[in-house]
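# Understanding the architecture of this molecule
Chain residues, written in single-letter form:
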Amino acid sequence: MGKLTLSSFQKNNTTAVSNIFLDSYMGDANGEFVKVYLYLLRCMHGAPTGMGISLSDIADRLNLTEKDIVRALRYWNKTDVLNVVFDSQTGEPASVTILALDADSNSAASIEPMPGADIVYDTSSDTADAPAPSSDKPSAPAATSYSAAQLKFFREQEDIKQLLYIIEKYIGRPLTTSDINKILYFRESLKFTPELIEYLVEYCVSNQHSSLYYMEKVALSWYDKGISTVEDAKASSAIYGKRNNPVIKAFGLSDRRLTPAELDFIGRWYDEYGFDGAIIAEACQQTVLTLGKPNFRYADRILCKWKSADVHTLEDVKKLSSAFKAKITVPAGTKPQTAPARTNKFNNFSQRTYDFDAMEKDLISNNK
């Protein structure tokens, strides 16, 4: 297992955790992912220079599996908290860098990396289920980082002052400068009305997400869908809830929320393949019966084949399944072919043959 070479930049016995991470990232993350991030910080701050650490070392220390560590690294890489570089030839992660989070910026481009090191580890996990990002989606306006004078000007406007007060009540804490920048981004760049921003916050908090980072992801999703009013947002939430429920039920995922990659799969099944909830649920059920667990990539393969076979109803699915079984069924009266016996020291002699039907009849007759 490869080693992660660490360098020490602190002389004291403390580990610094950014308030931006605590306020905007930690709340939405899986607890195990947070453990991995904090331990990486611990390793990078105050560790002896030249110290080596492997994926298995981290897993043993945190009482997790190596796949758990890989999933955590990939999650933080997507959220721009870590930068994981992938090998161009093998596609496997090659290095990990901890990124510095800037309180006055909304974009990942302004995040400066801290010195990092190389790490080589096993990449076998289920992240292959994630589809490639779509390039046809309209790009949202770039975020703007406002100066202290501009923020003061905005906060003195009565409607913004009222909006910020309402949001603080919803999330249960004072807003940071980064939070206010995001809210102004919704209003000034995405052109969301105060009513839509308020509903956005209410919607996210009701789903146990109180970070502005998560709200920004939802806001960008709404922007891409052309949602500009509260009514549009409510209708979209109802539609997508109805679309997702068959998959959640078939895969047994009621104990967690769907990831953006999983939602992309579901959207493809409805919008690109043109299937209804019943057929999608059937594909998910067949996936679980075959693999013993949910797998969006496998279900996508099933639905892709059904689309190619011009399947439109559950009856079409049954016919397709019957036709497949007929191809692999041995016709009546056909004797199955047997492989020739291998010659070795164990079977290099004439094999005995028994008529088990006759033996069974004799046994019954003797017992009468």
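Note that this is a predicted model, so its numbers are computed, not measured.

According to the stated counting rule, one finds seven salt bridges in the structure shown. One salt bridge connects glutamate 216 with lysine 182, and the closest N-O pair in it is separated by 2.9 Å. Highlighted residues: glutamate 216 in helix H9 (residues 212-224) and lysine 182 in helix H7 (residues 177-189), separated in sequence by 34 residues. The exposure classification of glutamate 216 matches that of lysine 182, with both residues buried. For aspartate 271, the salt bridge is made with arginine 243, and the minimal N-O distance between the two is 3.1 Å.

For the rest of this paragraph, the subject is helix H12 (residues 277-291). When the terminal C-alpha atoms of H12 are compared, their 21 Å separation across 15 residues agrees well with the 21 Å that a helix rising 1.5 Å per residue should span. For H12, every residue scored as buried is listed here: Gly277, Ile279, Ile280, Ala281, Ala283, Cys284 and Thr287. The residue sitting at the N-terminus of H12 and contributing the capping side-chain oxygen is aspartate 276; that oxygen lies 3.2 Å from the backbone nitrogen of alanine 278. Within two residues after H12, glycine 292 carries a phi angle of roughly 80°, on the positive side.

Here we come to the packing of helix H6 (residues 158-171) against H7. Interaxial distance between H6 and H7 falls to 12 Å at its minimum, and their mutual angle equals 125°. Judged on the interaxial angle alone, H7 and H6 are oblique. For the pair H6 and H7, the crossing hand works out as right-handed. Contacts between H6 and H7 involve Asp159, Ile160, Leu163, Leu164 and Ile167 from the former and Ile180, Ile183, Leu184 and Arg187 from the latter. Each residue belonging to the contact of H6 with H7 can be placed in one class, and the counts come to seven nonpolar, no polar and two charged.

Take the confidence of the model for the protein chain next. Confidence in the prediction of the protein chain, expressed as mean pLDDT, is 74, and 67% of residues score 70 or more. Segment residues 6-10: pLDDT under 50, and 21 contacts once partners within four positions in sequence are set aside and those in other chains are kept. Throughout residues 103-135 the model reports pLDDT below 50, and contacts reaching past four residues in sequence, or to other chains, amount to 84 contacts.

Another point: H7. In an α-helix there are 3.6 residues to a turn, and that puts residues three or four apart on one side. The end-to-end C-alpha distance of H7 is 17 Å, a good match for the 18 Å that 13 residues give at a rise of 1.5 Å each. In terms of burial, H7 is largely enclosed, as ten of its 13 residues are buried. Along H7, the positions that sit buried rather than exposed are Ser178, Asp179, Ile180, Asn181, Lys182, Ile183, Leu184, Tyr185, Phe186 and Ser189. Looking at the buried residues of H7, the elements they touch are helix H1 (19-25), helix H5 (148-155), H6, helix H8 (194-206) and H9. Count one or two residues on from H7 and you reach lysine 191, which has phi positive near 65°.

Procedures and definitions
Counting of residues starts from 1 at the beginning of each chain's written sequence and follows it residue by residue. Local features in a predicted model are, by the rule used here, given only for residues with pLDDT of at least 70; side-chain atom pairs are given and counted only at 80 or more, and totals for whole chains, interfaces and linings are based on all residues. Excluded from the side-chain calculation are hydrogens and water; included are all heavy atoms of the structure. By convention in these notes, a salt bridge is any Lys or Arg side-chain nitrogen within 4 Å of a carboxyl oxygen on Asp or Glu. For helices the rule is a DSSP run of H or I covering at least 4 residues; for strands it is a run of E covering at least 2, with both sets numbered from the N terminus onward. Exposure categories follow from relative accessible area, calculated using a 1.4 Å probe and restricted to protein chains: below 20% of the type maximum is buried, above 50% is exposed, and the middle band is partly exposed. By this rule, a helix spans an expected 1.5 Å times one less than how many residues it contains. In protein, a polar contact requires one atom able to donate a hydrogen and another able to accept it; more generally it is a pair of N or O atoms within 3.5 Å, and residues adjacent in sequence count only if both atoms are side-chain atoms. Angles shown run from 0 to 180 degrees and are taken between the N-to-C directions of axes, each axis being a line fitted to C-alpha atoms and, for helices, limited to the stretch in contact. Each angle gets one of four labels, with under 35 degrees taken as roughly parallel, over 145 as roughly antiparallel, 65 to 115 as roughly perpendicular, and the rest as oblique. Crossings are assigned a handedness: left-handed for a near helix turned anticlockwise from the far helix by less than a right angle, right-handed for a clockwise turn. We call two residues contacting when some pair of their heavy atoms lies within 4.5 Å. Each residue is assigned to one of three groups, with Ala, Val, Leu, Ile, Met, Phe, Trp, Tyr, Cys and Pro labelled nonpolar, Asp, Glu, Lys and Arg labelled charged, and all others, Gly among them, labelled polar. Confidence of the predictor at the level of single residues is given by pLDDT, which spans 0 to 100.

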